Amino acid sequence: MSGGKHLEGGPLARLAFQLDVWLERLGQVFLVIANLCLLLMLIGTAATILLRPLNLSFYWIWPWTMQFFVWMSFFGFYAVYRFRKDIAVDFVVLRLGGGAMRGTRYFVALVVMTVTGVILLQMPTIIASQVGVIDAVVTPWGELERYTLSIPLGISCFLIFVNALLDFVKAWLDWPEPHTLPAVDS
């Protein structure tokens, strides 16, 4: 069941291309957000260390550092997936040839959609179970609610689901793998 090269200029291919562009842009945004969270964590930690000899301590730095760590992880989750910075054990598939590579493109996309789909189905329960505030994570409007920890997870899972669906469509359209593998070049 192959889409074949004849669909490259069709409406599905154009939609896939546009979606790919938007997912790439969102990946860049999420990468920036994750890096900003890391920067704020480093600033908070450095302030704690530098202020310690002066006997100055701000109780809210540690909880904010933890909040930024969770946000960095969850926003980074999509960026890592989108830019293919995850660990891939593909040496066996590469040796088996093009058919195996094509099959794993479908298989991986389906597995990713299944896992992120289950997480997305559980998001209402996850959000509902996170009641109350996070102690000492203070904003001008009060302490942050616990559910704010999981919002980036839900957004990243949704984007990863859409990206995996797009990967499935790209495989069906016979588009090449979205990355170059060093093992192939050597």
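These numbers come from a predicted model, not from an experiment.

Engineer: Run through the packing of aromatic side chains, naming residues and quoting values.
Structural biologist: Under the defined criterion, the tally for this structure stands at seven aromatic pairs. Between Phe68 and Trp71 the ring centres are 5.9 Å apart and the planes differ by 65°, which places this aromatic pair in the edge-to-face class. Placement of the pair is Phe68 and Trp71 together in helix 2 (residues 61–82), with a separation of three residues, close to one helical turn. Judged by its relative accessible area of 15%, Phe68 falls in the buried class. Judged by relative accessible area, which is 17%, Trp71 ranks as buried. The rings of Phe30, Phe75 and Tyr78 are connected pair by pair, giving a single aromatic cluster. Sitting over the face of the ring of Trp22, Arg25 holds its NZ or CZ atom 5.0 Å from the ring centroid.

Engineer: Could you give an account of the pattern of salt bridges, with specific residues and numbers?
Structural biologist: Counted by the stated rule, this structure contains five salt bridges. In this structure, the salt-bridge partner of Lys170 is Asp20, at a minimum N-O distance of 2.9 Å. Linking Lys170 in helix 5 (residues 151–172) with Asp20 in helix 1 (residues 11–51), this pair joins segments that are 150 residues apart in sequence. In this pair, the class of Lys170 matches that of Asp20, namely buried. Residues participating in the shared-partner salt-bridge network are Asp20, Glu24, Arg82 and Lys170.

Engineer: With reference to specific residues and values, describe a nonpolar patch on the surface.
Structural biologist: Among the surface-exposed residues, Leu54, Leu56, Phe58, Tyr59, Trp60 and Val138 lie close enough to one another that they form a single nonpolar patch of about 630 Å² accessible area. As for its placement among the helices and strands, Leu54 is situated in the loop between helix 1 and helix 2.

Quick notes on the rules
- Position numbers for residues count from 1 along each chain, tracking the sequence in the order it is written.
- Reporting in this predicted model follows two pLDDT cut-offs: at least 70 for local features of residues, and 80 or more for side-chain atom pairs to be given and counted; totals over whole chains, interfaces and linings ignore these cut-offs and use all residues.
- The side-chain quantities take in all heavy atoms of the structure and omit both hydrogens and water.
- Side-chain rings of Phe, Tyr and Trp (the six-membered ring for Trp) are treated as a pair once their centres are within 6.5 Å; stacked means planes under 30 degrees apart, edge-to-face means over 60, and tilted covers the remaining angles.
- Secondary structure follows DSSP: runs of H or I at least 4 residues long count as helices, runs of E at least 2 residues long count as strands, and numbering of each begins at the N terminus.
- Only protein chains enter the accessibility calculation, which uses a 1.4 Å probe; a residue is then buried when its area is under 20% of its type maximum, exposed when over 50%, and partly exposed in between.
- Consider the ring centre and the ring normal. A charge sits over the ring if Lys NZ or Arg CZ is within 6 Å of that centre and within 35 degrees of that normal.
- A side-chain nitrogen of Lys or Arg and a carboxyl oxygen of Asp or Glu constitute a salt bridge if their distance falls within 4 Å.
- Patch rule: a residue counts if its relative accessible area is over 30% and it has no salt bridge; like charges are joined within 9 Å, and nonpolar side chains (Val, Leu, Ile, Met, Phe, Trp, Tyr) within 5 Å.
- Here the Shrake-Rupley method, with its probe set to 1.4 Å, supplies the accessible areas, and only the displayed protein chains count as covering residues.

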